[in-house]
Amino acid sequence: QVKLVESGGGLVQPGGSLRLSCAASGRSFSRDNMAWYRQAPGKQRLWAATITSDGSTKYADSVKGRFTISRDNAKNTVFLQMNSLKPDDTAVYYCKEDHYGLAYWGQGTQVTVSS
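The sections below set out a description of the structure shown in this document. Every chain begins its residue count from 1, and numbering advances along the sequence as written. Thresholds applied to this predicted model are a pLDDT of at least 70 for local features of residues and 80 or more for the giving and counting of side-chain atom pairs; totals over whole chains, interfaces and linings are not thresholded and use all residues. Side-chain descriptors were evaluated using all non-hydrogen atoms of the structure, hydrogens and water having been removed beforehand.

1. A closer look at the nonpolar core
Here is step 1 of the chain: The criterion is simple. A nonpolar core is a set of buried Ala, Val, Leu, Ile, Met, Phe, Trp, Tyr and Cys residues joined through side-chain atoms within 4.5 Å. Relative accessibility under 20% of the residue-type maximum defines a buried residue, over 50% an exposed one, and the middle range a partly exposed one, all with a 1.4 Å probe and only protein chains included. Membership of the largest hydrophobic core comes to 25 residues, with the highest contact counts inside it found for Trp36, Ile69, Val78, Leu80, Met82 and Tyr93.
Here is step 2 of the chain: Secondary structure follows DSSP: runs of H or I at least 4 residues long count as helices, runs of E at least 2 residues long count as strands, and numbering of each begins at the N terminus. Going through the elements one at a time, β3 (18-25), β4 (33-39), β5 (46-51), β7 (67-72), β8 (77-82), β9 (91-99) and β11 (109-113) are the ones with two or more residues in this core.
Here is step 3 of the chain: What Leu80 contacts, discounting residues up to four positions off in sequence, is Leu18, Arg19, Leu20, Trp36, Ala49, Phe67, Thr68, Ile69 and Tyr93. Between two residues, a contact is recorded if the distance between any of their heavy atoms is within 4.5 Å.

Rendered as structure tokens:
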């Protein structure tokens, strides 16, 4: 089986923090690039952050300096630490695995930033 499951979403106040997790089962993704995307209601799904197999990271301008992507290959898990959250960060957050050109997606986890 091949499965990606995001977790850690929820309701948080502006300025708060959340840590999202994406756990893969059925395979090791140690040699795969991993990414986080997000999609607000009525909006296109947009890329937020990437971590490559060698640990290099890249961020969209909208999250740079606030979000940190990391991975624990031993646990087949990728994380997204989100700090200084803004209402505009409200979205469903999706984990993506790039397996040698094939994309695998999780089901998403809802993040709502609101007072």
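From this point, the discussion proceeds with the structure in view.
2. Some remarks on the pairing of β5
Here is step 1 of the chain: Summarising the sheet, β4 and β5 pair through 5 bridges and their orientation is antiparallel. Its bridge partner lying in β5, Tyr37 is registered against Trp47.
Here is step 2 of the chain: From the end of β4 to the start of β5, which pair antiparallel, there are 6 residues, and Gly42 there has a positive phi angle of about 75°.
Here is step 3 of the chain: Bridge count for β5 against strand β6 (residues 57-59) is 3 bridges, and the pairing is antiparallel. Paired with Thr50 across the strands is Lys58, a residue of β6.
Here is step 4 of the chain: In this scheme, strands are said to pair when DSSP sees at least two bridges between them. Connecting β5 to the next strand, β6, in antiparallel fashion are 5 residues, including Gly55 with a positive phi near 95°.

3. Description of the sheet that holds β3
Here is step 1 of the chain: Sheet architecture is open: 4 strands sit in the order β1-β3-β8-β7, paired in antiparallel fashion. Both edges of this open sheet fall to β1 (3-7) and β7, since each of them pairs with a single strand only. Each strand axis lies, on average, 15° off the axis of its neighbour in the sheet, ignoring direction.
Here is step 2 of the chain: The pairing of β7 with β8 spans 6 bridges and is antiparallel. Across the sheet, the residue bridging to Arg71 is Val78, located in β8. Orientation is described by lines fitted to C-alpha atoms, with helices fitted over the stretch in contact, and by angles between N-to-C directions that extend from 0 to 180 degrees.

4. Some details on the state of the cysteines
Here is step 1 of the chain: Cysteine sulfur atoms are paired as a disulfide whenever they fall within 2.5 Å. Summed over the entire model, instances satisfying the criterion amount to 1 disulfide.
Here is step 2 of the chain: Across the disulfide from Cys22 sits Cys95; the S-S distance is 2.1 Å. Between Cys22 and Cys95 the disulfide shows an S-S torsion of about -80°. By sign, it is left-handed. Taken together, the positions of Cys22 in strand β3 and Cys95 in strand β9 put the pair 73 residues apart, joining distant regions of the chain. Side by side, Cys22 and Cys95 carry an identical accessibility label, which is buried.

5. Concerning the pattern of salt bridges
Here is step 1 of the chain: One speaks of a salt bridge when a side-chain nitrogen belonging to Lys or Arg is within 4 Å of a carboxyl oxygen belonging to Asp or Glu. Counted by the stated rule, this structure contains 3 salt bridges.
Here is step 2 of the chain: Here Asp89 and Arg38 are joined by a salt bridge, their closest N and O atoms 2.8 Å apart. Highlighted residues: Asp89 in the loop between β8 and β9 and Arg38 in strand β4, separated in sequence by 51 residues. Both residues of the pair, Asp89 and Arg38, belong to the buried class.
Here is step 3 of the chain: One salt bridge in this structure joins Asp89 and Arg66, with 2.7 Å as the shortest N-O distance. Here Arg66 lies in the loop between β6 and β7 and Asp89 lies in the loop between β8 and β9, a separation of 23 residues in the sequence.
Here is step 4 of the chain: The structure contains a network of salt bridges with shared partners spanning Arg38, Arg66 and Asp89.

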